[in-house]
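# Residue-level structural notes
Each chain, written out:
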Amino acid sequence: MLGLGMQEILIIAFVILLLFGGKKIPELMKGLGKGVKGFKDGVNGIEEEINKPVEPKKDTTAGTEKK
């Protein structure tokens, strides 16, 4: 995982626990999860828009006569 060993991950987790405390971590993870979900939804929306078939534009001047 990004070249990190188990010791580095434990140290990072310990520092996060010290900085934010045990009560704030669930709130932070919930916010992070919502952010990731929003990002994925945005990416999926863009992919759908790109892959959507293109409809030819209708000629709006049909039926009108020039004099």
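Residues numbered from 1 in each chain as written. Predicted model: local features only at pLDDT ≥ 70, side-chain atom pairs only at ≥ 80, totals over all residues. Heavy atoms only, no water.

## A short note on the overall build of the protein chain
Helix and strand content of the protein chain: one helix and zero strands. Among the 67 residues that make up the protein chain, the fraction classed as buried is 0%. Total accessible area on the protein chain stands at roughly 6,900 Å², and carbon and sulfur atoms take up 66% of it. (Helix = DSSP H or I, 4+ residues; strand = E, 2+ residues; numbered from the N terminus. Buried < 20%, exposed > 50% of the residue type's maximum accessible area, 1.4 Å probe, protein only. Areas by Shrake-Rupley, 256 points an atom, 1.4 Å probe, with all protein chains shown as cover.)

## Remarks on helix H1 (residues 6-51)
For H1, which comprises 46 residues, the first-to-last C-alpha distance of 41 Å sits more than 12% below the rise-based estimate of 68 Å (1.5 Å per residue). Most pronounced at Gly-21, the bend in H1 amounts to some 100°. (Expected span 1.5 Å × (residues − 1). Bend = angle between axes of the 7 residues up to and from the residue.)

## A few points about the pattern of salt bridges
Inspection of every chain in the model, using the stated rule, returns three salt bridges. Here Glu-27 makes a salt bridge to Lys-24, at a shortest N to O gap of 3.9 Å. Here the residue Glu-27 and the residue Lys-24 both occupy positions in helix H1, the gap between them amounting to three residues, near one helical turn. Glu-27 gets classed as exposed once you look at its relative accessible area, which sits at 52%. The exposure class assigned to Lys-24 is partly exposed, which follows from its relative accessible area of 45%. (Salt bridge = Lys/Arg side-chain N within 4 Å of Asp/Glu carboxyl O.)

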